[in-house]
Amino acid sequence: MNPTIALECIDCGRVFVPADERLVCPDHDGVGGILDVQYDQSGAREAVAAGVGEGIDDLWKYAPLLPTDGHAVDLGAGGTPLLDAPTLSRELGVTVRLKDERGNPTGSIKDRASAVLTSRALAGDESVLTCASTGNAAASLAGYAARTGLDCCIFVPADVPEGKAVQPLVYGADVYAVDGDYDDAFSLCRRVAANREWYDCSAAVNPYAVEGLRTVGHELAEQSRASVPDWIVYPMGNGCGLAATWKGFREFAELGIVEECPRLLGVQAEGATAIHDRFTGERARAGGETQADSIDVGHPHNAQKACRALEDSGGATVVVSDREILDAERTLGRTEGIYAEPASAATLAGLESAVDAGTVAPGDSATLVVTGTGLKDTASARDLVDGVDHVPDTPAAVPDPE
Ligand SMILES: *Cc1c(COP(=O)(O)O)cnc(C)c1O
């Protein structure tokens with residue numbers, strides 16, 4: 001069973017049928033015109049509601065809500081744990097839970113998007129997949145392309161962390177590092193895709209990326225229906241993940257699976273504050289660059305979807321410095337045994353900052369979406385930790401733990 005869908009332009013409301021196979025609305029001259037997938041979910045309610053509480057093996061549990069025409073590329077994305085964080089909760093005075101996305105097949109939440117994008121590509125008989133990425137989406141799409149046997153060609157910014165460039169190469173993709181930043185990689189990818197009729201899977205424009213990502217909202221709703229958190233905290237680059245989380249959660253509220261919705265706290269780094277600026281109407285502290293590469297997006301294409309989600313949820317945004325992000329990375333590791341990449345640790349930095357500012361009240365509950373593993377980018381953590389101690393080869397020379 002598959003839902004009936006239509007694609008609506010979030011700028012002008014024009015509606016397209018999927019058979020048009022267009023990714024953006026043509027009425028906006030290449031700026032904006034992002035489409036949103038709309039569903040008639042009436043047929044899916046019972047199928048989904050019947051399985052609630054039965055455990056979540058992977059995101060295909062929600063297949064009746066996904067626009068994949070019967071295809072389901074399976075590498076094991078989704079079905080990630082929602083963990084308590086007792087030590088962090090005690091230290092912060094806020095009840096913290098962690099939606100741990102590190103265990104996805106390629107190490108980040110992007111696999112939720114790729115599972116749906118590649119299924120969609122099979123349904124549409126596409127042959128070459130492409131995307132521009134700050135790193136994780138590239139690795140993820142490449143892994144999923146390998147799984148489906150489709151060709152994959154990706155564009156990354158010149159300063160992508162090495163682990164993130166090597167990973168898609170191992171999956172057999174062609175990887176091009178563009179002389180410039182993410183925006184340059186994105187623009188080149190768009191032009192090449194249009195030219196060669198490649199399927200552009202960039203989350204910034206392909207609406208089906210958000211549809212896959214929204215399963216994290218479904219899971220959060222299902223896993224926390226006994227006690228919905230006051231806040232869900234999400235790091236924002238293009239803003240797709242935050243918008244998608246809201247879409248999924250709200251959908252489950254509409255289906256009656258969960259009784260209330262959380263507020264969203266969207267976190268950005270000082271080097272890339274466009275969504276925060278747009279949402280608050282202010283300009284954040286002057287930036288430069290950020291080491292949190294996954295949220296280092298100067299011109300987010302889904303700012304509007306993200307701002308709508310923030311507004312609908314009664315949410316807030318916060319901007320944090322790289323120092324705060326890297327401290328939070330170490331705190332997550334030390335307190336809960338979670339080694340997350342900087343963009344993911346930004347959620348904890350954002351929560352701390354929102355607690356300090358009084359936006360999040362003592363005693364509130366907050367779920368941090370830990371979007372990706374730290375293992376792809378150990379270089380950024382090296383300055384955080386003391387070096388290895390060298391000891392002589394005698395037991396007596398080894399001190400007790402401090
Ligand atoms: C992509 C990504 C983000 C940001 O998601 P957007 O949809 O671009 O806002 C955050 N964390 C990680 C680990 C990511 O890979």
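The structure displayed is predicted, hence computed values, not measured ones. (Residues numbered from 1 in each chain as written. Predicted model: local features only at pLDDT ≥ 70, side-chain atom pairs only at ≥ 80, totals over all residues. Heavy atoms only, no water.)

Undergrad: Help me get a handle on the overall build of the protein chain, residues and values and all.
TA: Looking only at helices and strands, the protein chain has 13 helices and 13 strands in total. Over its C-alpha atoms the protein chain spans a radius of gyration of 21 Å, differing by no more than 12% from the 21 Å that the globule rule assigns to 402 residues. If you line up the protein chain on its principal axes, its C-alpha atoms span 70 × 45 × 45 Å. Per-residue burial for the protein chain yields a buried fraction of 59% across its 402 residues. Excluding contacts between residues fewer than 6 apart, the proportion of contacts in the protein chain whose partners are at least 24 apart in sequence is 72%. Accessible surface computed for the protein chain: about 16700 Å², of which carbon and sulfur atoms make up 46%. Each charge class in the protein chain was averaged separately, 31 positive and 63 negative side chains, and the resulting centres sit 3 Å apart. (Helix = DSSP H or I, 4+ residues; strand = E, 2+ residues; numbered from the N terminus. Rg over C-alpha atoms; globule rule 2.2 N^0.38 Å. Buried < 20%, exposed > 50% of the residue type's maximum accessible area, 1.4 Å probe, protein only. Contact = heavy atoms within 4.5 Å. Areas by Shrake-Rupley, 256 points an atom, 1.4 Å probe, with all protein chains shown as cover. Lys, Arg positive; Asp, Glu negative; His and termini not counted. Charge placed at Lys NZ, Arg CZ, Asp CG, Glu CD.)

Undergrad: So, the site of the ligand: which residues are in play, and what are the values?
TA: Around the ligand sit 16 residues in total, of which Lys 110, Gly 237, Asn 238, Gly 239 and Thr 371 are the nearest. Within the backbone of Gly 239, an N or O atom sits 2.8 Å from an oxygen atom of the ligand. In isolation the ligand has 380 Å² of accessible area, and contact with the protein removes 96% of it. Secondary-structure elements contributing two or more residues to the shell around the ligand are α9 (240-254) and α13 (342-356). The residue inventory of the shell around the ligand, partitioned by class, reads five nonpolar, nine polar and two charged. (Near = heavy atom within 4 Å. Polar contact = N/O pair within 3.5 Å; in protein donor to acceptor, adjacent residues only side chain to side chain. Nonpolar A, V, L, I, M, F, W, Y, C, P; charged D, E, K, R; others polar.)

Undergrad: Can you explain the packing of aromatic side chains? Please cite residues and give values.
TA: Tallied over the entire structure, the rule returns three aromatic pairs. Their ring planes at 70° and their centres at 5.6 Å tell us that Tyr 62 and Phe 252 sit as a pair that is edge-to-face. Highlighted residues: Tyr 62 in the loop between α1 (45-51) and β4 (82-84) and Phe 252 in helix α9, separated in sequence by 190 residues. (Phe/Tyr/Trp six-rings, centres within 6.5 Å; stacked < 30°, edge-to-face > 60°.)

Undergrad: Break down the sheet that holds strand β6 (residues 128-132) for me, citing the residues and quoting the values.
TA: Strands in a sheet are paired, the pairing made by backbone hydrogen bonds, and the direction either parallel or antiparallel. Read from one edge of the open sheet, four strands run β8-β7-β6-β9, paired in parallel fashion. Only two strands of the sheet have a single neighbouring strand rather than two, namely β8 (174-178) and β9 (199-200). Inspection of the sheet shows β6 paired to strand β7 (residues 151-157) by five bridges, in the parallel sense. Residue pairing for β7: Thr 130 is matched across the bridge by Cys 153. (Pairing = 2+ DSSP bridges.)

Undergrad: Explain the pattern of salt bridges to me, using residue names and the numbers behind them.
TA: In this structure the tally under the stated criterion is 19 salt bridges. In this structure, Arg 330 engages Asp 327 in a salt bridge whose closest nitrogen and oxygen atoms are separated by 3.8 Å. Taken together, the residues span about one helical turn, with Arg 330 and Asp 327 both in helix α12 (residues 322-336) at a distance of three residues. Connected via shared salt-bridge partners are Asp 36, Glu 211, Arg 214, Lys 247, Glu 251 and Lys 305. (Salt bridge = Lys/Arg side-chain N within 4 Å of Asp/Glu carboxyl O.)

Undergrad: Just give me the short version of helix α3 (residues 110-123), but keep the residues and values in it.
TA: Each α-helix turn comprises 3.6 residues. Residues three or four places apart therefore point the same way. Here α3 spans 20 Å end to end across 14 residues, near enough to the 20 Å set by a 1.5 Å rise per residue. Here α3 lies mainly inside the structure; 11 of its 14 residues are buried. Looking at α3, one finds that the buried residues are Asp 111, Arg 112, Ala 113, Ser 114, Ala 115, Val 116, Leu 117, Thr 118, Ser 119, Arg 120 and Ala 121. One or two residues past the end of α3 sits Asp 125, with phi positive at roughly 55°. (Expected span 1.5 Å × (residues − 1).)

Undergrad: Pulling in residues and values, what's your account of the nonpolar core?
TA: Judged by nonpolar contacts, the single largest core of 72 residues is most densely connected at Leu 129, Tyr 208, Leu 242 and Phe 252. For Tyr 208, the residues in contact, after removing those within four places along its chain, are Ile 5, Leu 7, Pro 18, Val 37, Pro 67, Val 116, Leu 117, Arg 120 and Tyr 199. Counting residues in each nonpolar core, the second largest holds 32 residues, with Leu 332, Val 360, Ala 366 and Val 370 among its members. (Core = buried A, V, L, I, M, F, W, Y, C linked by side-chain atoms within 4.5 Å.)

Undergrad: I'd like a description of helix α8 (residues 215-223), backed by residues and values.
TA: α8 sits mainly inside the fold: eight of its nine residues count as buried. By the burial criterion, the buried members of α8 are Thr 215, Val 216, Gly 217, His 218, Glu 219, Leu 220, Ala 221 and Glu 222.

Undergrad: Outline unusual backbone geometry, listing residues and values.
TA: Of all residues except glycine, most have a negative phi; of all peptide bonds, most are trans. In this structure, Asp 125 takes a positive phi of about 55° despite not being glycine. When you line up the elements, Asp 125 lands in the loop between α3 and β6. If you check the backbone angles, Glu 197 has positive phi at about 60° while not being a glycine. Positionally, Glu 197 belongs in the loop between α6 (182-196) and β9.

Undergrad: Got a sec to walk through the packing of α8 against α9? Specific residues and values, please.
TA: Relative to each other, α8 and α9 sit at 45°, their axes nearing to 6 Å. It follows that α8 is oblique to α9 by the angle criterion. For α8 against α9, the interelement crossing comes out right-handed. Touching Val 216, Gly 217, His 218, Leu 220, Ala 221 and Glu 222 of α8 are Thr 245, Gly 248, Phe 249, Glu 251 and Phe 252, all from α9. For the contact of α8 with α9, the per-class residue count stands at five nonpolar, four polar and two charged. (Axes fitted to C-alpha atoms, helices over the stretch in contact; angles between N-to-C directions. Parallel < 35°, antiparallel > 145°, perpendicular 65-115°, else oblique. Left-handed = near helix turned anticlockwise from the far one by under 90°.)

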